[in-house]
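# Summary of the model geometry
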Amino acid sequence: GKQVAVLGMGDVGDNGSTYWTHHVHVIDVSTGERKFKHIPQGPYKDVVNCVVWSPSSGFIAIGDAAGRIEVVEPSKRRVQFSEKVHKDGIDALAWHPDESRLASSSEDGRVKILTAAAGQPLRLPDVPDVERVHVTITELLFSEEDEDDE
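Residues numbered from 1 in each chain as written. Predicted model: local features only at pLDDT ≥ 70, side-chain atom pairs only at ≥ 80, totals over all residues. Heavy atoms only, no water.

### Considering the sheet that holds strand 7 (residues 60-64)
The strands that make up a sheet are held in pairs by hydrogen bonds between backbone atoms, and each pair lies either parallel or antiparallel. Within the open sheet, the four strands sit side by side as 6-7-8-9. Their pairing is antiparallel. Whereas interior strands pair on both sides, the edge strands pair on one side only; in this sheet they are strand 6 (48-53) and strand 9 (78-84). Neighbour-to-neighbour, the strand axes of this sheet turn through a mean angle of 15 degrees, independent of strand direction. Strand direction decides the pairing type here: strand 8 (residues 68-73) and strand 9, joined by six bridges, are antiparallel. Across the sheet, Glu70 pairs through a bridge with Ser82, a residue of strand 9. (Pairing = 2+ DSSP bridges. Helix = DSSP H or I, 4+ residues; strand = E, 2+ residues; numbered from the N terminus. Axes fitted to C-alpha atoms, helices over the stretch in contact; angles between N-to-C directions.)

### Re the confidence of the model for the chain
In the predicted model, the chain carries a mean pLDDT of 75, and the fraction of residues at 70 or more is 62%. Here strand 3 (residues 18-20) stands out as the element of the chain with the lowest mean pLDDT, 52, in contrast to strand 10 (residues 90-95), whose mean of 91 is the highest. (pLDDT = per-residue confidence, 0-100.)

### Thoughts on the pairing of strand 4 (residues 24-28)
In terms of residue burial, strand 4 counts as a mostly covered element, since five of its five residues are buried. Residues of strand 4 alternate between two faces, with Val24, Val26 and Asp28 on one and His25 and Ile27 on the opposite face, all of them buried. As paired elements, strand 4 and strand 5 (residues 34-38) share four bridges and run antiparallel to each other. Residue pairing in the sheet places Val26 in a bridge with Phe36 of strand 5. Where strand 4 hands over to strand 5, the hairpin turn is made up of five residues, of which Gly32 adopts a positive phi near 80 degrees. (Buried < 20%, exposed > 50% of the residue type's maximum accessible area, 1.4 Å probe, protein only.)

### Points about unusual backbone geometry
The phi dihedral of Arg77 is positive, around 50 degrees, even though this residue is not glycine. One non-glycine residue, Glu99, adopts positive backbone phi at about 65 degrees.

### What to know about the nonpolar core
By size, the foremost hydrophobic cluster in this structure holds 11 residues: Cys50, Ala61, Ile69, Val71, Phe81, Val85, Ile90, Leu93, Trp95, Leu102 and Leu114. Where this core is concerned, the elements lending two or more residues are strand 8 and strand 10. Looking at this core element by element, the count peaks at three residues for strand 10. Counting residues in hydrophobic clusters, the runner-up holds seven residues, among them Val24, Phe36, Val48 and Val72. (Core = buried A, V, L, I, M, F, W, Y, C linked by side-chain atoms within 4.5 Å.)

Given below as structure tokens:
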């Protein structure tokens, strides 16, 4: 069924009080049942800035306040990739339509592109970083078709 990834959902503490976390929860839309909960790794594991499903909905990319990107495969409950990619927090993430690349923007003013070989985890860029900009980039999009394909 359809699922939604939720960020910033409240949890109930040991004493029954509700507190807010930035864990990523995958919820079944038809039943409301939580199917998966991911607690990101790294020093800012409670400060996730953004999440985005891959086009096939097989993976979730997660960007945190420390510049770390994690790619999680919820159906298998495993982390495919986890690495500090930026100097500052991740502002936005976008998957290429064929899932071969993942773009990220950060508070450090850079856009980076991670690449993935077929069936292999993402790795750090073999594509040069986009030049530093002096604005906050809050959304990234890949085109549906590469220019060379026309």
